[in-house]
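Overview (structure and organization)
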Amino acid sequence: MTRPGGVWQNWGRCAQIRPARVERPRTPEGVQRAVQAAIAQNLPIKAVGAGHSFTGIAVAPGVLLELDDLQGLVSVDATRSRVTLLAGTRLHRIPRLLAAHGLAMENLGDIDRQSIAGAISTGTHGTGAGFRGLAGQVVAATLITAEGEFLRVRESEHAEMLPAVALGLGALGILVDVTLQCVPAFLMHAIDEPLPLEDVLASLDEWVTASDHFEFYWFPHTDVALTKRQTRLPESARRHPLPRIGRWVDETLLSNGVYRVTCAAGGLIPAITPPISRLAVKLTGDRDYTDHSHTVLTQRRTVRFREMEYALPAENIVPAFRAVQQLITQRGWKIEFPIEVRFAAADDRWLSTAYDRASAYLAVHRYWRTDPTEYFSAIEKICLEYGGRPHWGKLHTLDAEQLREKYPRFDDFVALRDRWDPERRFANSYLDRVLGA
């Protein structure tokens, strides 16, 4: 978001910039005009969605395009269950747009505040060993190139570019619309249950394969895994949603309100963090309900934090997790945020963290007023030892040379960037670091 005085900052308050100019186009043609004007003035230009990336991927030192007004449904192909959305459309608005057509997104991440273009461009994913990240749902896209022209990527035009454009880091152009492969609307039966951590780790493969979607959270200083198991049901199934007051207590009062206070207090008095964490696992994570897919898959988070997340080969998640446990104990750290473990199917997006391998994700967080450097750096080292790839929208320290070793199609992507943006109209310091200047 852009604050008074012209300073843009991201949600995590860890990246900010005062751009030379801010524009708010309302149409794809408006985006085109903005790009053409930036070219004429020799200014770099970047689009910003919801600012939910923790890296500097959206930092725009030249022209910043805020796409808040570029939202909505463009078209629906009912025969093939495909929808085209304007690039700035927020994820939390998409379910209602699709519901009128009996459709839903195949999978979602656990936060739905991002724009669709920002989510796919940074590799946002949900959980479920049989389901790909959001970029894997993209079947076509339109972007404005560094020459100020429309480029349509679809089955009949530039189809070979789709695996790059669908997860393009904002480096190939400004997305103005994306076409998603949807599925018939569905419900989900969810069981949130605290279980002994050792039991979950000992049979993790079985837990992952037994449900359509499985994940767990672990509060350091406890011996409990807060598991979330979800099974997909037809839309005709009977709903058993959470009572409104119960959901408010769990998600607004406890998970956000009380937790915000305890995070702040833990920063001042670290010794109170372990007992608070033990209390947290007793008060949360014990629910059984059935509801619309987007209601089950996403949750509301208002406690501001910073995050690092690595994708590991799925078979490496247990030893990596145990190494993190041991590290926290050895260092005597008092960690206030839970560690999150999720899963995803392999896909073919060139820069996807799940490219060509089934993946497990290990995510760590710190309260936004706490310096995460020491904690994140040490855990990053563990993730790298176990074959990790960093989430593009979350904090990490890797550069182009290190990333080239992790992505078989890295040089193909860079070559495509050289072709479509040779003068680096869409570059910034983050892309210079991760792709090369």
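This text goes with the structure placed above it.
The rules behind each value
- Residues numbered from 1 in each chain as written.
- Predicted model: local features only at pLDDT ≥ 70, side-chain atom pairs only at ≥ 80, totals over all residues.
- Heavy atoms only, no water.
- Helix = DSSP H or I, 4+ residues; strand = E, 2+ residues; numbered from the N terminus.
- Buried < 20%, exposed > 50% of the residue type's maximum accessible area, 1.4 Å probe, protein only.
- Contact = heavy atoms within 4.5 Å.
- Areas by Shrake-Rupley, 256 points an atom, 1.4 Å probe, with all protein chains shown as cover.
- Polar contact = N/O pair within 3.5 Å; in protein donor to acceptor, adjacent residues only side chain to side chain.
- Salt bridge = Lys/Arg side-chain N within 4 Å of Asp/Glu carboxyl O.
- Axes fitted to C-alpha atoms, helices over the stretch in contact; angles between N-to-C directions.
- Left-handed = near helix turned anticlockwise from the far one by under 90°.
- Nonpolar A, V, L, I, M, F, W, Y, C, P; charged D, E, K, R; others polar.
- Pairing = 2+ DSSP bridges.
- Phe/Tyr/Trp six-rings, centres within 6.5 Å; stacked < 30°, edge-to-face > 60°.
- Lys NZ or Arg CZ within 6 Å of the ring centre and 35° of its normal.
- Expected span 1.5 Å × (residues − 1).

Before going further, it helps to spend a moment on the overall build of the protein. A count of helices and strands for the protein gives 14 helices and 21 strands. For the protein, with 437 residues in total, the buried portion stands at 58%. Of the contacts formed within the protein by residues at least 6 apart in sequence, a portion of 73% connects residues at least 24 apart. If you sum the accessible surface of the protein, you get close to 17,900 Å²; carbon and sulfur atoms cover 51% of it.

In this section: the side chain of Arg82. Inspection of the secondary structure assignment puts Arg82 in strand 8 (residues 82-86). Arg82 gets classed as buried once you look at its relative accessible area, which sits at 15%. Within the structure, Arg82 has its side chain in polar contact with the side chain of Glu155 (distance 3.4 Å). Ignoring sequence-local partners within four residues, the contact set of Arg82 consists of Ser75, Val76, Asp77, Val139, Glu155, Thr179, Leu180 and Gln181.

What follows covers the pattern of salt bridges. For the structure shown, the criterion picks out 26 salt bridges. Here the salt bridges share partners, and the residues they tie into one network are Asp110, Glu307, Glu309, Glu340, Arg342 and Lys394.

Checked against the element boundaries, His101 lands in the loop between helix 2 (94-99) and strand 9 (103-104). Separated by 23 residues in sequence, His101 and Ala78 place their C-alpha atoms 7.6 Å apart. Residue contacts for His101: discarding those within four places in its chain leaves Leu73 and Val76.

With a phi close to 55 degrees, Asn42 is a non-glycine residue in the positive phi region. Counting through the fold element by element, Asn42 comes out in the loop between helix 1 (28-40) and strand 5 (45-48). Its identity as a non-glycine residue notwithstanding, Asp356 has a phi of 60 degrees, on the positive side. Positionally, Asp356 belongs in the loop between strand 19 (339-344) and strand 20 (359-367).

Here helix 10 (residues 317-331) crosses helix 11 (residues 373-385) at 145 degrees, and the two axes come no closer than 10 Å. By crossing handedness, the relation of helix 10 to helix 11 is classed as right-handed. Judged by residue contacts, Ala320, Ala323, Val324, Leu327, Ile328 and Arg331 of helix 10 engage Glu374, Tyr375, Ala378, Ile379 and Ile382 from helix 11. Here the contact of helix 10 with helix 11 is composed, by residue class, of 9 nonpolar, no polar and 2 charged.

This part takes up the environment of Ala159. Among the secondary structure elements, Ala159 is positioned in the loop between strand 11 (150-153) and helix 4 (162-165). Considered as a pair, Ala159 and Ala140 are 19 residues apart in the sequence and their alpha carbons are 8.3 Å apart.

Strands sit in the order 17-14-16-15-19-20-18-21 across an open sheet of 8 strands; the sheet is antiparallel. The open sheet has two edge strands with one neighbour each: strand 17 (287-292) and strand 21 (389-390). In the sheet, strand 19 pairs with strand 20 via 5 bridges, with the strands oriented antiparallel. The partner of Arg342 across the bridge, within strand 20, is Tyr361. With respect to the sheet, helix 11 is in contact with strand 18 (305-313), strand 19 and strand 20, its orientation differing from that of strand 18 by roughly 10 degrees.

The next point concerns the packing of aromatic side chains. One pass over the full model with this rule turns up 11 aromatic pairs. Plain terms: the ring middles of Phe216 and Phe321 are 5.5 Å apart, the flat faces sit at 70 degrees to each other, and that makes the pair edge-to-face. In this pair, Phe216 sits in strand 15 (residues 213-218) while Phe321 sits in helix 10, placing the two residues 105 residues apart along the sequence. Comparing Phe216 with Phe321, the two get one shared label, buried. Ring pairing ties together the aromatic residues Trp11, Phe54, Phe305 and Phe337, which thus form one cluster. The ring of Tyr407 has Arg389 lying over it, and the distance from NZ or CZ to the ring centre is 5.0 Å.

This paragraph deals with the side chain of His396. Relative to the assigned elements, His396 resides in the loop between strand 21 and helix 12 (400-404). Accessibility expressed as a relative area gives 9% for His396, which makes it buried. A distance of 3.0 Å separates a polar atom in the side chain of His396 from a polar atom in the side chain of Tyr430.

To continue, consider the sheet that holds strand 10 (residues 138-144). As summarised here, the arrangement of the 5 strands in space is 7-8-12-10-11, forming an open sheet in which the pairing is antiparallel. The sheet is open, and its two edges are formed by strand 7 (73-77) and strand 11, each paired on a single side. Neighbour-to-neighbour, the strand axes of the sheet open up by a mean angle of 15 degrees, direction not taken into account. Where strand 10 lies against strand 11, 4 bridges are found, and the strand directions are antiparallel. Looking across to strand 11, one finds that Leu143 is bridged to Leu151.

Attention now goes to helix 1. Compared with an ideal rise of 1.5 Å per residue, which puts 13 residues at 18 Å, helix 1 spans 19 Å between its outermost C-alpha atoms and is within 8% of the ideal. Within the sequence span of helix 1, burial applies to Pro28, Gly30, Val31, Gln32, Ala34, Val35 and Ala38. Among the residues trailing helix 1, Asn42 stands out with phi positive, at a value near 55 degrees.

Moving on to the pairing of strand 10. Burial analysis of strand 10 places 7 of its 7 residues in the buried class, the great majority of the element. Pairing geometry for strand 10 and strand 12 (residues 174-181), over 6 bridges, is antiparallel. Its bridge partner being in strand 12, Ile144 is matched across the sheet by Ile174. What sits between strand 10 and strand 11 in their antiparallel hairpin is a turn of 5 residues, with Gly148 showing a positive phi close to 80 degrees.

So yeah, pure geometry; function would need other evidence.
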